[in-house]
Each structure stands twice: as C-alpha cells, then as structure tokens.
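Residue-level structural notes
The primary structure of each chain is shown beneath.
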Amino acid sequence: MSPPLSPVRTRNAAATRTAILEAARRRFAHEGYDRTGLRDIASDVGVDAALISRYFGGKEELFEEVLTCAPNIAEFLEGDRAGFGDRVATMMAIEPMREEKFELFLIMLRSASSPKAAAAIRRHSSEAFFQPLEAWLGGEDAAVRARVLSCLMMGATMNRMIHEDYLLDDSQRRELCDALARTLNHFVSSEV
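Residues take numbers from 1 onward in each chain, read along the sequence in its written order. Local features are withheld for residues below a pLDDT of 70 in this predicted model, meaning they are given only at 70 or higher, and side-chain atom pairs are given and counted only at 80 or more; totals for whole chains, interfaces and linings count all residues. In computing side-chain properties, one takes all heavy atoms of the structure into account and sets aside hydrogens as well as water.

The next subject is helix H1 (residues 13–35). Compared with an ideal rise of 1.5 Å per residue, which puts 23 residues at 33 Å, H1 spans 27 Å between its outermost C-alpha atoms and falls more than 12% short. At Ala29, H1 shows its maximal bend, which comes to roughly 85°. Exposed residues in this analysis have more than 50% of their type's maximum accessible area, buried residues have under 20%, and partly exposed residues fall in between, with area computed by a 1.4 Å probe over protein chains only. Note on conventions: DSSP H or I runs of at least 4 residues are helices, E runs of at least 2 residues are strands, and numbering of each starts at the N terminus. Within the sequence span of H1, burial applies to Thr16, Ile20, Leu21, Ala23, Ala24, Arg27, Phe28, Ala29, Gly32 and Tyr33. In protein, a polar contact requires one atom able to donate a hydrogen and another able to accept it; more generally it is a pair of N or O atoms within 3.5 Å, and residues adjacent in sequence count only if both atoms are side-chain atoms. Residue Asn12 occupies the N-cap position of H1, its side-chain oxygen lying 3.2 Å from the main-chain nitrogen of Ala14. Every helix has an expected span of 1.5 Å times one less than the residues it contains. Bend, in this description, refers to the angle at a residue between axes fitted to the seven residues ending there and the seven starting there.

A separate point is the packing of aromatic side chains. Centre distance within 6.5 Å is the pairing criterion for rings of Phe, Tyr and Trp, where only the six-membered ring of Trp is used; planes under 30 degrees apart are then read as stacked, over 60 as edge-to-face, and the remainder as tilted. In total, this model carries 6 aromatic pairs according to the counting rule given. With a centroid separation of 4.9 Å and an interplanar angle of 90°, the aromatic rings of Phe28 and Phe63 are classed as edge-to-face. Of this pair, Phe28 sits in helix H1 while Phe63 sits in helix H4 (residues 59–69), and the two are 35 residues apart along the sequence. Of the two residues examined, Phe28 and Phe63, each falls in the buried class. Where Phe129 meets Phe130, the ring centres are 5.1 Å apart and the plane angle is 90°; that geometry is what we call edge-to-face. Residue class for Phe129 comes out buried when judged on its relative accessible area of 17%. For Phe130, a relative accessible area of 15% gives the class buried. Among the aromatic side chains, those forming a connected cluster through ring pairs are Phe28, Tyr33 and Phe63.

Here you go:
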C-alpha cells in the first residue's frame, strides 16, 4: 500500500502578499512597530518569515507598505466641498465604529515612539494626508488649516476610541456631529 498523497498547496503570490499585509496591519495596530516581529506575522499567515522578506524586503518596508495601503484623506476630498465636515463628522460621530477604520490611527499611535516607524509615519502623513489636503484647501495658510483639521480629526478619533459612543445618547451624538461638522467646515472655507 502506498503512502497517502499529501494535498497539493496552490500557490498564489497575490493572495499570499495580501494575507501578509492584512496580518501585518493587525499586528502593527495592536502591538505597534517595535513589538511586532516578522516571525509573528509569518505565523499568522502560515508562511515562512523569509517569504515576507522576499516580498517586502524587511520589517521597515513592510510597515511602509501597510501605511501606503491604509485609507487616506482622498475619500473625504471627493464630493461637494461644503460637505467635507459632514462626511468626516458623520464617520467619526455617527457611523458604527469599525476597527478597520481606525487601524491607521492605532498603528501611528502605537508605533510613533519607534524612530524607524516615526520616520515612515511622517513620510506617509505628509504624502497621503497633508499634501493632498493642502492642495485641496488652497490658499497661503493651507498648511496651517490642514494641521488644524488633522488635530480635530485625531482628537475626535481618540475620543471615539476611548468612549465608543462619546458617553452621549443618540440625540446628543447628532448635536456633536453637527458641531464637529461646522467646526471642520470653518477651517475648510476660512483662513486661520
């Protein structure tokens, strides 16, 4: 009697690469840059750590790729300019909180103390958030207004992460959403 045939594993480089990115995103969001190892990510995916190095080069490059694949400001810049505040405020105050929407924030928060990660975060923030937002805002003070908008958005995100419902009832959350939208729109349409 011959030994049983082992199942043939189908190789799919694109699917493996995507699985590695998803596992890395989760690890970086929950553990930060310094506490995440390539072996941990590889174990989550069921691959050898050397494969991660082959696809991405190393942990720094993988981290940068995770940042690049994360949501960026573009989705909020689409649509009516006057509706920017409403779009952002609704996501932050009304829509159900979904971890994947906040993972980039978690990644930045939990990784910012690492010099290697901080440099990548600064590059990513500049390229994927501040530069597009400044160009969209226009005007001499666009850089300052973009930073004010960032502070408001990050503060609202942090508050939502700590107090999922902001410790408010539905009616109060709607009021918060409206006030946040007005404040955001002020810095979209006005000079500082």
